[in-house]
Amino acid sequence: MTAYIDDLSKRLELVRDSSRVTAKENYMKNKFPFLGIMSGPRKEVMRAWKATLPTTLTRNEMWDIIRELWQKEEREYHQLALDWMLTWNIKSFEKSDIEHIYFILNNQSWWDTVDGIAVHLVGKYAKKFPEEMPRIISEWLAHPSFWLNRTCLIYQLKFKEKTDLGLQQGYIHALKWNKEFFIQKAIGWSLREVSKWHPEWVRQVVQQEELKGLAYREAMKYVP
């Protein structure tokens, strides 16, 4: 796998922009060092690099590459790894993927990767393996990492009318006590999405759960 990582590093070096480093690091609260690469060039690098990967890569080998990228210091490596994972078809998902998804959710964690992982990777996984989700969600709701808690709240975000509203309210009920910004924001965000097609249910949940502050404002943003 090292050869693939080295090739990617060379490609990223060609488009790094030191003039953007400070702004990017400040935007991410100085959580990570950056190469200064904007999303457009980064995604172009990913597509060109992906085309060089052998089609015979096993799922485990793909995850080995992801984990190596996740160990890199510069944030662009993590973001590019996510760009690549977002191209994975739901048909390719395997039950064992959740072990690796857990790893990337719980390491190098910040909203710019967690949200994409939650909505797209966990979301796809949940659609393919719904029978696995009760165990997973039970563990993640009780986990001390608020990023895993947040994932529970937003993995259904793109399910639209197929959202399990009973489960969603259960997640909100379990986490509403947590005043962490990213939890309160996720509660409101999840409800705001549902309000686009079921505003009355959102109004009801906001009242029943006695939501206030940020969660309330986000939830009621589109509710007449």
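Now for a quick tour of the structure. Each residue is numbered by its place in its chain's sequence as written, counting from 1. Local features are withheld for residues below a pLDDT of 70 in this predicted model, meaning they are given only at 70 or higher, and side-chain atom pairs are given and counted only at 80 or more; totals for whole chains, interfaces and linings count all residues. Side-chain measures were taken over the full set of non-hydrogen atoms in the model, leaving aside hydrogen atoms and water.

### Digging into the side chain of Asp97
Defined as follows: A run of H or I in DSSP becomes a helix once it reaches four residues, and a run of E becomes a strand once it reaches two; helices and strands are each numbered from the N terminus. Each polar contact in these results corresponds to two N or O atoms within 3.5 Å; when the atoms are within protein, one needs to be able to donate a hydrogen and the other to accept it, and residues that are neighboring in sequence are counted only if both atoms are side-chain atoms.
Residue position: Asp97 is located in helix H6 (residues 97–105). Within polar-contact distance, the side chain of Asp97 engages the backbone nitrogen of Glu94 at 2.9 Å.

### Describing helix H10 (residues 165–175)
As a reminder, the rule being used: Accessibility here uses a 1.4 Å probe with only protein chains present; expressed as a share of the type maximum, an area under 20% marks a residue as buried, one over 50% as exposed, and anything in between as partly exposed. Directions pointing from the helix axis toward each C-beta atom define the arc. Here a residue-residue contact requires only that any non-hydrogen atoms of the pair lie within 4.5 Å.
Taken together, the buried positions of H10 are Leu165, Gln168, Gln169, Tyr171, Ile172 and Leu175. What you see down the axis of H10 is that its buried residues fit within an arc of 155°, all on one side. Elements in contact with the buried residues of H10: helix H8 (133–141), helix H9 (146–154), helix H11 (181–195) and helix H12 (199–208). Taking the backbone nitrogen of Gly166 as reference, a side-chain oxygen 3.2 Å away marks Asp164 as the first, capping residue of H10.

### Description of the environment of Ile104
Among the secondary structure elements, Ile104 is positioned in helix H6. Residue classification places Ile104 among the buried positions, given a relative accessible area of 0%. Through-space distance from the C-alpha of Ile104 to that of Trp70 is 7.3 Å; in sequence the pair is 34 residues apart.

### Some points on the pattern of salt bridges
Let me state the cut-off plainly: The term salt bridge refers to a pairing of a side-chain nitrogen on Lys or Arg with a carboxyl oxygen on Asp or Glu at a separation within 4 Å.
Tallied over the full model, the rule gives 15 salt bridges. One salt bridge connects Arg16 with Glu13, and the closest N-O pair in it is separated by 3.0 Å. We classify Arg16 as partly exposed; its relative accessible area is 40%. Classification of Glu13 by relative accessible area gives partly exposed; the value is 40%. A salt bridge links Glu209 to Lys176; the shortest N-O distance between them is 2.8 Å. Taken as a pair, Glu209 in the loop between H12 and helix H13 (213–219) and Lys176 in the loop between H10 and H11 lie far apart in primary sequence, 33 residues in all. Shared partners join several salt bridges into a network, and the residues in it are Lys95, Glu131, Glu132, Arg135 and Glu139.

### Brief notes about the environment of Ile98
Locating Ile98 in the fold gives a position in helix H6. Note: C-alpha distance between Ile98 and Asp6 (92 residues apart in sequence) is 27 Å. Not counting residues up to four positions away in its chain, the partners in contact with Ile98 are Tyr125, Ile136 and Trp140.

Purely geometric numbers; function is a separate question.
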